[in-house]
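# Architecture at a glance
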Amino acid sequence: MDVNKLEKLAKLKEIGAITEEEYEKGKQEAMGESLLSTNLKDKKFGLTDKNYIVLMHLSQYAGLVIPMLGVIIPIILWVVNKDDDELVDIHGRNILNFNISLLIYFVICSLLMFLFIGFALIFIPVILMIIFPAIGAVKASNEEVWKYPFSFKFF
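Read on for an overview of the structure. (Residues numbered from 1 in each chain as written. Predicted model: local features only at pLDDT ≥ 70, side-chain atom pairs only at ≥ 80, totals over all residues. Heavy atoms only, no water.)

### Points about the overall build of the chain
Applicable threshold: By definition, any uninterrupted DSSP run of H or I lasting at least four residues is a helix, any uninterrupted run of E lasting at least two residues is a strand, and each is numbered from the N terminus. For the radius of gyration, the atoms used are the C-alpha atoms, and the globule rule reads 2.2 Å times the number of residues raised to 0.38. Remark: exposure states derive from per-residue accessible area (1.4 Å probe, protein chains only) relative to the maximum for the residue type, with buried under 20%, exposed over 50%, and partly exposed in between. Contacts are assigned to residue pairs with any non-hydrogen atoms lying within 4.5 Å of each other. The charged-residue count follows a simple rule in which Lys and Arg add positive charge and Asp and Glu add negative charge, with His and chain termini not counted at all. Lys charges are placed at NZ, Arg charges at CZ, Asp charges at CG and Glu charges at CD.
What the chain contains, in helices and strands, is nine helices and zero strands. In terms of C-alpha radius of gyration, the chain reaches 22 Å, well past the compact-globule figure of 15 Å for 155 residues. Taking the principal axes of its C-alpha atoms as reference, the chain extends roughly 80 × 30 × 20 Å. The 155 residues of the chain split such that 30% are buried. Restricting the contact set of the chain to residue pairs at least 6 apart, pairs at least 24 apart contribute 57%. Here the chain contributes 15 positively and 18 negatively charged side chains, and the mean placements of these two sets differ by 4 Å.

### Some details on the nonpolar core
Basically, it comes down to this: Nonpolar core, defined: a set of buried Ala, Val, Leu, Ile, Met, Phe, Trp, Tyr and Cys residues in which side-chain atoms within 4.5 Å join the residues together.
Among the nonpolar cores identified, the biggest contains 17 residues, and Tyr 52, Met 56, Val 88, Phe 98, Leu 128, Phe 132 and Tyr 148 are the most heavily contacted of them. With five residues, helix α7 (residues 86-112) is the largest single contributor of residues to this core. Contact partners of Val 88, with chain neighbours within four places excluded, come to Lys 44, Tyr 52, Ile 53, Met 56, Leu 77, Trp 78, Asn 81 and Lys 82.

### Some thoughts on helix α4 (residues 49-58)
Taken as a whole, α4 has its buried residues at Tyr 52, Ile 53, Val 54, Met 56 and His 57. Turning to α4, the residues buried within the fold contact α6 (69-81), α7 and α9 (123-141).

### A few points about the pattern of salt bridges
When the charged atoms of two side chains lie near each other, side chains of opposite charge can form a pair. Inclusion rule: Salt bridges, as used here, are contacts in which a Lys or Arg side-chain nitrogen is within 4 Å of a carboxyl oxygen on Asp or Glu.
Evaluated as defined, the whole model comprises three salt bridges. With a closest N to O distance of 3.1 Å, Asp 89 and Arg 93 form a salt bridge. Pair noted here: Asp 89 and Arg 93 are both in helix α7, with a separation of four residues, about one helical turn. Owing to a relative accessible area of 16%, Asp 89 belongs among the buried residues under this scheme. One salt bridge in this structure joins Lys 139 and Glu 144, with 3.6 Å as the shortest N-O distance.

### Points about unusual backbone geometry
With a phi angle near 75°, Met 68 is a residue other than glycine that sits in the positive phi range. Residue Met 68 is classed as exposed on the basis of its relative accessible area, which comes to 52%. The backbone of Glu 143 shows a phi angle near 60°, a positive value even though the residue is not glycine. Secondary-structure assignment places Glu 143 in the segment after α9. Classification of Glu 143 as exposed rests on a relative accessible area of 66%.

### Description of the packing of aromatic side chains
Quick note on the threshold: Only rings of Phe, Tyr and Trp enter the pairing, Trp through its six-membered ring, and a pair is recorded when the two centres are within 6.5 Å. The plane angle decides the type: under 30 degrees is stacked, over 60 is edge-to-face, the rest tilted.
Per the counting criterion, the structure on display carries ten aromatic pairs. Between Tyr 105 and Phe 152 the ring centres are 5.8 Å apart and the planes differ by 45°, which places this aromatic pair in the tilted class. Taken as a pair, Tyr 105 in helix α7 and Phe 152 in the segment after α9 lie far apart in primary sequence, 47 residues in all. A connected cluster of aromatic rings, assembled from ring pairs, spans Phe 98, Phe 132, Trp 146, Tyr 148 and Phe 150.

Next comes the structure, spelled out in structure tokens:
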């Protein structure tokens, strides 16, 4: 910890030579906190609100690579910021409702496979899973709240 630097920063702040943000940044550096740890404390990873919400919608595609990751990531992004940002809460609820609805559709199609009709129907939720997050992301980038069609309201 550099006490001299802290004193200089406090004096510069008092006379108005630096802003509060510059003071806090300098204070963290003087106290030995790295800029990396500061960025990790930023809940939205340095993204604007709009880009964060778009990321929430697009993160559903992670489930195409690793199963269930497309559900887990949006939930984490939603839970971390739902109390701080009303739009994140609204979009997160829509995404979660859609994912739960998709799960229900997959279970129904799986059960209908015993009647052989499920083999044809299983492609419907797969197509919805691919198309709807893209539409949601585009709508979010246009600052619109879009309720996913065919989703039940759980939250």
